[in-house]
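Here is how the chains run, residue by residue.
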Amino acid sequence: MFNRIHHIGVAVSNLDDAVRRYEEELGFHLEGREKVESEEVEVAIFQVGESRIELLQSTQPDGIISRFIEKRGEGIHHLAVEVEDIERELTELKARGSPVLDEIPRIGAGGCKVAFIHPKGASGVLLELIEGSR
Ligand code: ZN
């Protein structure tokens, strides 16, 4: 049902600083940057094998990522798993009692369909389902 870990989302307060650190100090290869209006974030993408690390900075002072950092500091924000048919997975997860946050998928980075599962349904991990390609 889940094909692979698609990406790990990391909340950062300053994307430029974080990108510099990941590229220059850590040696990750930057694939690109993108603003995702629907989620009020700017994303920097680092491909790592068949998965990615996505650094996320809020574009709004009261955005989800800003509020996360206020409460818990910078760090891993969510784990995204790739699925083939997101509507089917959502239906099945709901039927099994998972606390689905998005009844209908929304459009995330790269134009992919995404939906989130509340951390209480995954032992404290905010889980993102993502359908599609890379
Ligand atoms: Zn994500």
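Our subject is the structure that appears above.
Residues numbered from 1 in each chain as written. Predicted model: local features only at pLDDT ≥ 70, side-chain atom pairs only at ≥ 80, totals over all residues. Heavy atoms only, no water.

A. Structural detail: the coordination of the zinc ion. Donor atoms from the polypeptide that bind the zinc ion are His7 (NE2), His78 (NE2) and Glu128 (OE), placed at 1.9 to 2.1 Å. Glu128 gets classed as buried once you look at its relative accessible area, which sits at 4%. (Donors = N, O, S within 2.8 Å, 3.2 Å for Na, K, Ca; no water. Buried < 20%, exposed > 50% of the residue type's maximum accessible area, 1.4 Å probe, protein only.)

B. Summary view of the pattern of salt bridges. By the definition in use, this model includes 10 salt bridges. Its salt-bridge partner being Asp17, residue Arg20 comes within 3.1 Å of it at the nearest N-O pair. Highlighted residues: Arg20 and Asp17, both in helix H1 (residues 15-25), separated by three residues, approximately one helical turn. Of the residues examined, Arg20 reaches a relative accessible area of 41% and is grouped as partly exposed. Across the pair Arg33 and Glu42 runs a salt bridge whose closest N-O atoms are separated by 3.3 Å. Overall, Arg33 belongs to the partly exposed group, its relative accessible area being 37%. According to the relative accessible area criterion, Glu42 is buried, its value standing at 18%. Within the structure, one salt-bridge network assembled from shared partners comprises Asp16, Arg33 and Glu42. (Salt bridge = Lys/Arg side-chain N within 4 Å of Asp/Glu carboxyl O. Helix = DSSP H or I, 4+ residues; strand = E, 2+ residues; numbered from the N terminus.)

C. Seen up close, the pairing of strand E4 (residues 51-58). Among the eight residues in E4, seven count as buried, and that is most of the element. Direction of pairing for strand E1 (residues 5-11) relative to E4: parallel, over a ladder of five bridges. Along E4, the bridge assignment pairs Val10 with Leu55. As paired elements, strand E3 (residues 41-48) and E4 share eight bridges and run antiparallel to each other. Within the sheet, the bridge partner assigned to Val43 lies in E4 and is Leu56. (Pairing = 2+ DSSP bridges.)

Read these as spatial facts, not as claims about activity.
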